[in-house]
Amino acid sequence: MTSVIRTAGLAYVRDRRMIQARSAGKSAFYMAGGKIDPGETPVDALHREIREELDTGVADVELLSVCRCQAWGHAPGTALELHCFRAELLSEPAPTSEIAEIRFFTRDEYAAMPDVAPGSLMVFDRMKELGLID
């Protein structure tokens, strides 16, 4: 039986680069966001997770896509269902205690990293296809 990790992620772009967050103790950068709690909508999860990770809020939230792929760093057969949203940040993002680093990437800069999360790469590809990032 395949398990599914349901998440909400933020596709926020500045200077044609998309933000990614690296959790403390992890090697890969991911979409800022996180798991959708039971009874929570993807939009509610996005609001909560962005406050928890980037110490800011979001506005003008718009669903970009729902991606499904193998969850990076999990056992084979563990699927990631990523509800990816475009939104504006209410203030300058700052990493919280659970986030070691935030960084903005072009698609190719992200793809060249030693560890790449498949879900993030799918969003990078979609954002590049839409002409929103380099």
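Reading guide: rules and limits
Residues numbered from 1 in each chain as written. Predicted model: local features only at pLDDT ≥ 70, side-chain atom pairs only at ≥ 80, totals over all residues. Heavy atoms only, no water. Helix = DSSP H or I, 4+ residues; strand = E, 2+ residues; numbered from the N terminus. Rg over C-alpha atoms; globule rule 2.2 N^0.38 Å. Buried < 20%, exposed > 50% of the residue type's maximum accessible area, 1.4 Å probe, protein only. Contact = heavy atoms within 4.5 Å. Lys, Arg positive; Asp, Glu negative; His and termini not counted. Charge placed at Lys NZ, Arg CZ, Asp CG, Glu CD. Pairing = 2+ DSSP bridges. Axes fitted to C-alpha atoms, helices over the stretch in contact; angles between N-to-C directions. Disulfide = S-S within 2.5 Å. Expected span 1.5 Å × (residues − 1).

> Mind showing me how you'd approach the overall build of the protein chain here?
Helix and strand content of the protein chain: 3 helices and 7 strands. Counted from the first residue to the last, the protein chain has its helices and strands arranged as β-β-β-β-α-β-β-β-α-α. The C-alpha radius of gyration computed for the protein chain amounts to 14 Å, which stays within 12% of the reference 14 Å derived for 134 residues, consistent with globular compactness. In terms of overall dimensions, the protein chain has a C-alpha envelope of 40 × 35 × 30 Å along the principal axes. Burial status across the protein chain gives 45% buried among its 134 residues. Intrachain contacts of the protein chain at a sequence separation of at least 6 include 69% that bridge at least 24 residues. Looking at charge distribution, the protein chain has the averaged site of its 15 positive side-chain charges lying 4 Å from that of its 21 negative ones.

> Please clarify how the sheet that holds strand β6 (residues 78–89) should be interpreted in this entry.
Taken together, the 4 strands give an open sheet; going across it, the order is β4-β1-β6-β5, and neighbouring strands pair in mixed fashion. Two strands close off the open sheet at either side, each with one partner strand: β4 (32–35) and β5 (58–70). Between one strand axis and the next, the sheet turns by 20 degrees as a mean value, whatever way the strands run. One ladder, built from 8 bridges, connects strand β1 (residues 3–10) with β6; its direction is parallel. Residue R6 lies in a different strand from β6, and its bridge partner there is E81. The strands touched by helix α1 (residues 42–54) within the sheet are β1, β4, β5 and β6, with β4 carrying the most contacts at an inclination of about 120 degrees. Sheet strands in contact with helix α3 (residues 118–129) are β5 and β6, and its direction is about 120 degrees off that of β5.

> Honestly, the side chain of E81 in this entry has me stumped. Any pointers?
Counting through the fold element by element, E81 comes out in strand β6. Contact partners of E81, with chain neighbours within four places excluded, come to V4, I5, R6, T7, V66, C67 and R68.

> Mind showing me how you'd approach the sheet that holds strand β7 (residues 99–105) here?
Think of a sheet as strands paired side by side through backbone hydrogen bonds, with each pair either parallel or antiparallel. With antiparallel pairing, the 3 strands of this open sheet are ordered in space as β2-β3-β7. Single-partner strands in this sheet number two, and they are β2 (13–14) and β7. Strand direction decides the pairing type here: strand β3 (residues 17–23) and β7, joined by 6 bridges, are antiparallel. Considered in β7, the bridge of Q20 is made with R103.

> Any chance you could explain the state of the cysteines here in plain terms?
The tally for this structure, following the rule as stated, stands at 0 disulfides. Looking at the unpaired C69, the closest cysteine sulfur is the one in C67, lying at 7.0 Å. Note on C69: relative accessible area 15%, which makes it buried. No disulfide involves C84; its sulfur sits 6.3 Å from that of C67, the nearest cysteine.

> Is there a simple way to explain α1 in this structure?
Residues separated by three or four positions in an α-helix point in the same direction, a consequence of the helix having 3.6 residues per turn. Helix length check: α1, at 13 residues, gives a terminal C-alpha distance of 17 Å against a target of 18 Å (1.5 Å per residue), a fit within 8%. Every buried residue of α1 is listed here: P42, A45, L46, R48, E49, I50, E53 and L54. Against the buried residues of α1 lie β1, β3, β4, β5, β6 and β7. Looking one or two residues beyond α1, the residue adopting positive phi is D55, at roughly 55 degrees.

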